[in-house]
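Report on the structure
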Amino acid sequence: MDSRDKLIAELRQLVADQTAQLQQQAGRIAQLELELAKAKKDSSTSSKPPSSDIVKPPVKKAPGSRKKRKRGGQPGHQRQFRDPLPPERVDQAFEYEIDDQEVQDRQLTPTDQFEIIQHIELLDSPIHVTEHRLRIYLTADGQQVTPDVPELKRPIFGPRMLTMIGWLKSRAHCSYSTIELWMEDVLQVPVSRGYLAKLCTGTISDSLKDAYEELKAAIPRQQQLGSDETSIKDNGKKHWIWCITAATFSVFHIAATRSRAVLEQLVGTEFEGYLNFDYFSANCSFAWNYWIKAQYCWAHLIRDIRFLLKHPDEETQAWAQQLLDRSRRLFRAWHRRDEMSDDGFHRSMLTHRDRFLELVRKPPESKEAANLAARFRVIPFQTEDSDQVQSYNLSEDYFRFMFADGLEPTNNHSEQQIRHCVIDRRITQGTRGELGQRYHERMWTAIATCAKQNRSFFAFLHHSLVAKANLQPTPSLLTA
C-alpha cells in the first residue's frame, strides 16, 4: 500500500469515526431535549396544578381582539344590589318623613312604600357567659365535695361557639394559632391551642361521625361517581386524600396508600355505575380487575398529547398535532348533540371515535408515543374457567361519555372538589394523628356536601352539635 492509499484509508476511518460520533451526539441531544421538555412540564402539558407554573409566558392577543375589560359593572349589564335582611332580623327601625309644609309646597303625595337602608353593626360583646357556682363541701377527713351536675361536664363552649370554631378551622382555613388570636383579641376570651385542637378532633368531629358514615355507605349505590386523590402529610409521612364525588354529595377519606385497595374499600368491587377518574395505575387496575365501567379523563389525555408537541422527534410532534385536531372535531360535534337527532348524533360519535382510534393506534417510533397509544389497545385474555381467548378493548373506557346520558368526559368535578383540601393542606401542613385525619375527613365532607345541596354548613354543624349534646339522632347529609 503506497502513501496515497494509506491516506485514503485513514480519511475513510476518520469519516466513519466522526459519523459514529455525530450519531451518538444526535441521540444524546434528543435525549436531553426530551428531558428538558419533561422538566418544563406545566399545567397545560401535565396534571400539575396551575399554581405550580412559576413563570407563565405572556399571552399574545390575536389582532383585532377585544381589549381587557375594566373592573366593576360592564356597560349594558343590570346593576346588582345587595338584598336587605328580612324583617325578623331587624332589631330596631326608624321611619323618616318629609316636613308637612314641604309636602304642601311641593304638592307631594305620601305612599305606604319606603326606601330601605339598613345599617349593620357588631355588638360590643357578641358572647353570652353563664356562670355555674358549685358549692364546696368538706368531708369529716377534710376532702372537698361538690354537687354532681352532669350537664356541666361538656365543653366550656356552647354549640354555637363550637360551630364557629369549626367553621373558622375548616371552612375559613384558619390555623389553631389564628383562632386563638381571634378569640383573645376580638372576643376577649383566652383559650389555648391545645384545647381548640381537642374540641375539633373530639366534640366537633364526633358530631359528624354518623352523617359521614351514612354517606360512605351510600357510595356503592350511586349511578355515577368521580374519584381523585392528592397527597397530605401526617406527622411528616406522606398520606393521600381520596375524594369520591356523587351528584348530591362528596366524601373525603385520608389513607396511607394510593393503591386500588382504597377504591375497593370506598367504591366496592360490585359497583355497577360509571366511574370518572384519570389514567392512574391504581385506577386502571381497579377498573380492569373488577370490570368497572370507567370513564378516563379527556382533560388529562389532551394535556399528555400537548406534551408530545414538544417532543424532539418531528414525527411524534406531527402525530400529536393530528390527535389534537381530531379531538377538537370530536368535541365540537359532541357539544352540538342538542342540534342533532339521536340517530344522527350516534352515527357522528361512532365516526369520530373510529377516526381517532385509527390515528392513535398508528404511533410513530418513539417511546412516549407508544405509551400513549397503548391506552387504546385491545388486550387478549383468558378466564380461569374457560380456554377461549377473549379480548378487552381499553379504548371503551375513553368513549363511554358518548353514549351514556349525563356522563362527563372529564374528571374536572372531582378535582374542583378536592381543591378546598389542597388549600387547607398548604395552611395546616397536614395532620398529626388518626383523630386529626378523621376530623378533616368529616368536615371536608360536610362542607362540600352542604355546598352541593345549597345548605348552610354553619347551620348543619350547629344542628349536629346540638343533637349530639342532647343525645338525639344527628342530621343526615343524604337528600331525599
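Now for a description of the structure that goes with this document.

Cut-off values and rules
Sequence order as written defines residue numbering, which begins from 1 separately in each chain. This being a predicted model, a pLDDT of at least 70 is required before a residue's local features are given, and a value of 80 or more before pairs of side-chain atoms are given or counted; all residues contribute to the totals for chains, interfaces and linings. For the side-chain quantities, the full set of heavy atoms in the structure was used; hydrogens and water were omitted. A residue counts toward a patch only above 30% relative accessible area and without a salt bridge, and it is joined to like-charged neighbours within 9 Å or, for Val, Leu, Ile, Met, Phe, Trp and Tyr, to nonpolar neighbours within 5 Å. Residue-level accessible areas treat just the shown protein chains as cover; the underlying method is Shrake-Rupley with a 1.4 Å probe. What makes a salt bridge here is a side-chain nitrogen of Lys or Arg within 4 Å of a carboxyl oxygen of Asp or Glu, nothing more. None of His or the chain ends enter the tally, which takes Lys and Arg as positive and Asp and Glu as negative. Working definition for charges: the position is that of NZ of Lys, CZ of Arg, CG of Asp or CD of Glu. Only runs of H or I of at least four residues qualify as helices and only runs of E of at least two qualify as strands under DSSP, and these elements are numbered from the N terminus. The classification of residues rests on relative accessible area computed with a 1.4 Å probe and restricted to protein chains. Under 20% of the type maximum is buried, over 50% is exposed, and intermediate values are partly exposed. The axes are straight lines fitted to the C-alpha atoms, using for helices just the contacting stretch, and the angles between their N-to-C directions are given from 0 to 180°. Working definition: roughly parallel below 35 degrees, roughly antiparallel above 145 degrees, roughly perpendicular at 65 to 115 degrees, and oblique for all remaining angles. What makes a crossing left-handed is the near helix being turned counterclockwise from the far one by less than a right angle; a clockwise turn instead makes it right-handed. When checking whether two residues touch, look at their non-hydrogen atoms; a contact exists if any pair is within 4.5 Å. Each pair of aromatic rings taken from Phe, Tyr and Trp, with Trp reduced to its six-membered ring, is defined by centres within 6.5 Å and is described as stacked if the planes are under 30 degrees apart, edge-to-face if over 60, and tilted in the remaining cases. The nonpolar core is taken to be a set of buried Ala, Val, Leu, Ile, Met, Phe, Trp, Tyr and Cys residues, with the residues joined through side-chain atoms within 4.5 Å.

Judged by side-chain charge, Glu95, Glu97, Asp99, Asp100 and Asp105 come together as a negatively charged surface patch. Relative to the helices and strands, aspartate 105 is located in helix 2 (residues 100-105). According to the relative accessible area criterion, aspartate 105 is exposed, its value standing at 56%.

Here tryptophan 291, not a glycine, exhibits a phi torsion of approximately 55 degrees, which is positive. Classification of tryptophan 291 as exposed rests on a relative accessible area of 56%. With phi around 60 degrees, leucine 471 is a residue other than glycine that occupies positive phi space. Within the secondary structure layout, leucine 471 lies in the segment after helix 16 (457-469). Judged by relative accessible area, leucine 471 falls into the exposed class, the value being 79%.

With that settled, consider the packing of helix 14 (residues 412-428) against helix 15 (residues 434-452). Contact pair helix 14 / helix 15: the axes reach a minimum separation of 11 Å and the direction vectors enclose 135 degrees. By the angle between their directions, the pair helix 14 and helix 15 is classed as oblique. Where helix 14 crosses over helix 15, the two elements pack in a sense that is right-handed. Residue-level inspection shows His413, Gln417, His420, Cys421 and Asp424 of helix 14 in contact with helix 15, the latter providing His440, Trp444, Ile447, Ala448 and Lys452.

Each aromatic ring pair is specified by the distance between its two centres and by the angle formed by the two planes. In total, this model carries 20 aromatic pairs according to the counting rule given. Between the aromatic rings of tyrosine 279 and tyrosine 398, the centroid separation amounts to 6.1 Å while the plane-to-plane angle is 20 degrees, which identifies the pairing as stacked. Taken as a pair, tyrosine 279 in the loop between strand 6 (274-277) and helix 8 (281-290) and tyrosine 398 in helix 13 (residues 396-399) lie far apart in primary sequence, 119 residues in all. On the accessibility criterion, tyrosine 279 (25% relative accessible area) is partly exposed. Look at tyrosine 398 and you get buried, because its relative accessible area is 0%. Consider the rings of tyrosine 296 and tyrosine 398, whose centres lie 5.4 Å apart with planes at 55 degrees: the pair is tilted. Of the two residues, tyrosine 296 sits in strand 7 (residues 293-296) while tyrosine 398 sits in helix 13, which places them 102 residues apart along the sequence. Take tyrosine 296 and tyrosine 398: they sit in the same class, and that class is buried.

Right, let's get into the nonpolar core. With 83 residues, the main nonpolar core has Phe157, Met183, Trp298, Trp319 and Phe399 as its most contacted residues. Ranked by the residues each element gives to this core, the list is headed by helix 10 (residues 314-334), at eight residues. Beyond its immediate chain neighbours, meaning those up to four positions away, methionine 183 contacts Phe157, Met161, Ile165, Gln188, Val189, Val191 and Leu196. Core analysis: the second largest hydrophobic core is formed by nine residues, Ile241, Phe252, Trp444 and Ala448 among them.

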